[in-house]
Amino acid sequence: NTGIAVQILLGHSSNEGFHNLQFHNNLLENMGYADGSYAGFMMYLSSGAGTGIDSVFIDNNTMIGGTGAGRARSALFLECNTAHIKNVYFRNNIVENVAPYGYIAQRGTIAVDGLYSQNNITFNNSFTNNPYYFTGTPTATHFTNTGNIISNPLLDASFHLTSSSPAIGACINLGYGTDIGAFPYNTTNIPPVANAGSDQTITLPINNVTQSGIATD
């Protein structure tokens, strides 16, 4: 198991800050500490000092937790206590096997300002496949929660979409294709085929010939 894929912590200097973080088209599999340790989050953003974290784009990823006690506790864990976290976009992701928190979880004394959960597929996650807030934690301001699908994403053994997957054609088009998840469906690049037809013989004084061929791309 892998405990954390991405961890961003602000807690050392008043000058610290992160802006415009982009995380897209990644496969996270078997996520979470094998012993179920508390910090088993796929992505962890914590703002305890500095100028804060602003503009985070988490798009078109496939995020699969481990099994049993090794399941990841959350796909995205946001902890905001002193400095702000704002404008966090979580879109077109597949999230599966998260427990005991929701696929997005928030803790802290300051509400996240601007949280956008859109067109994700969530399956077999705790908290009925919804975001989770710790007791006493302010809910996110300007929270958008639209277009999400609670369904089996129907992945194959390599976490690619199968032909019946509800992820096909269901994403917000951000330039990564039209399908939800890290791998667009059936994107194998098949080389073009050209066939010029049968051989032709030219006998002078004839100086031209018509050739019929076919091509596929």
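Note that the structure is a prediction, hence the values are computed from the model and not measured.

S.K.: Explanation requested: the sheet that holds strand S10 (residues 104-108) in the structure shown.
M.R.: In sheet architecture, strand pairing relies on hydrogen bonds along the backbone and comes in two forms, parallel and antiparallel. Here we have five strands laid out as an open sheet, ordered S1-S4-S7-S10-S13, and parallel in their pairing. Each having just a single partner strand, strand S1 (6-10) and strand S13 (132-133) make up the two edges of the open sheet. Alignment of strand S7 (residues 74-80) against S10, held across five bridges, turns out to be parallel. Note on S10: the bridge partner recorded for Leu-76 is Ile-104.

S.K.: Looking at this structure, how should I read a nonpolar patch on the surface?
M.R.: A contiguous nonpolar patch, built from Ile-202, Ile-206 and Val-209 and spanning about 260 Å² of accessible area, is present on the exposed surface. Within the fold, Ile-206 resides in the loop between strand S16 (193-195) and strand S17 (214-216).

S.K.: Help me understand the nonpolar core, please; the structure alone is not making it clear to me.
M.R.: Soluble globular proteins: nonpolar side chains tend toward being buried together. Met-42, Leu-45, Met-63, Leu-76, Leu-78, Ile-85 and Phe-90 are the most contacted members of the largest nonpolar core, which has 27 residues in total. Listing elements by their share of this core, those giving two or more residues are S1, strand S3 (27-31), strand S4 (41-47), strand S5 (52-59), S7 and strand S8 (85-91). Broken down by element, this core gets its largest block of residues, four residues, from S7. Aside from chain neighbours lying at most four places away, what touches Phe-90 is Ile-58, Met-63, Ala-75, Leu-76, Val-95, Tyr-103, Ile-104, Tyr-116, Ser-117, Gln-118 and Asn-120. Core analysis: the next-biggest nonpolar cluster, separate from the first, contains seven residues, Ile-94, Ile-121, Ala-167 and Ala-170 among them.

Definitions and cut-offs
Residues numbered from 1 in each chain as written. Predicted model: local features only at pLDDT ≥ 70, side-chain atom pairs only at ≥ 80, totals over all residues. Heavy atoms only, no water. Pairing = 2+ DSSP bridges. Helix = DSSP H or I, 4+ residues; strand = E, 2+ residues; numbered from the N terminus. Patch = residues over 30% accessible without salt bridge, like charges linked within 9 Å, V, L, I, M, F, W, Y side chains within 5 Å. Areas by Shrake-Rupley, 256 points an atom, 1.4 Å probe, with all protein chains shown as cover. Salt bridge = Lys/Arg side-chain N within 4 Å of Asp/Glu carboxyl O. Core = buried A, V, L, I, M, F, W, Y, C linked by side-chain atoms within 4.5 Å. Buried < 20%, exposed > 50% of the residue type's maximum accessible area, 1.4 Å probe, protein only. Contact = heavy atoms within 4.5 Å.

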